[in-house]
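Chain by chain, the residues:
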Amino acid sequence: MKQKRTTKRESPGTYLKRLVRQPPAGFYRRGVLHIQGGGVVEVEGCKGVLLYDESRICLDMGGWQVSLYGDELTLCGVGGRMLTLKGRIFRTEFSYEG
């Protein structure tokens, strides 16, 4: 005779605590790209600029690289952990350095 599997349900209080808990360590240190219309890219968490000219920029995002290709690319702002790039972007490539 087969036995029914019983699943243990968590209490509503435990569920709510799990739902609003803090994210894992290092969650906010991950790199983020904000690609906006009009040719503006904001990059958070960039570790460094590997290559830069007016048609290509390669960024080290800590474990992976982002390459942006286009025309008239200019770095407009580099401050803190935010980098702002403007220009006409035609292509984006991602590569993992794992």
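Residues numbered from 1 in each chain as written. Predicted model: local features only at pLDDT ≥ 70, side-chain atom pairs only at ≥ 80, totals over all residues. Heavy atoms only, no water.

A look at the environment of Glu97
By the element assignment, Glu97 lies in the segment after β6 (82–96). Each residue touching Glu97, except ones within four places of it in the same chain, is listed here: Asp60, Gly63, Trp64 and Gln65. (Helix = DSSP H or I, 4+ residues; strand = E, 2+ residues; numbered from the N terminus. Contact = heavy atoms within 4.5 Å.)

Overview of the pattern of salt bridges
Under the criterion given, the structure shown has three salt bridges. Of the charged contacts in the structure, one is a salt bridge between Arg88 and Asp71, with a shortest N-O distance of 3.2 Å. Taken together, the residues span a long stretch of sequence, with Arg88 in strand β6 and Asp71 in strand β5 (residues 64–79) at a distance of 17 residues. Owing to a relative accessible area of 47%, Arg88 belongs among the partly exposed residues under this scheme. Where Arg91 meets Glu93, a salt bridge forms, and the shortest distance between an N and an O atom there is 3.6 Å. We classify Arg91 as partly exposed; its relative accessible area is 43%. We classify Glu93 as partly exposed; its relative accessible area is 35%. (Salt bridge = Lys/Arg side-chain N within 4 Å of Asp/Glu carboxyl O. Buried < 20%, exposed > 50% of the residue type's maximum accessible area, 1.4 Å probe, protein only.)

Describing the confidence of the model for the protein
For the protein, the mean per-residue pLDDT works out to 85, and 93% of the residues sit at or above 70. The weakest mean pLDDT in the protein belongs to helix α1 (residues 12–19) at 86; the strongest belongs to strand β4 (residues 56–60) at 93. (pLDDT = per-residue confidence, 0-100.)

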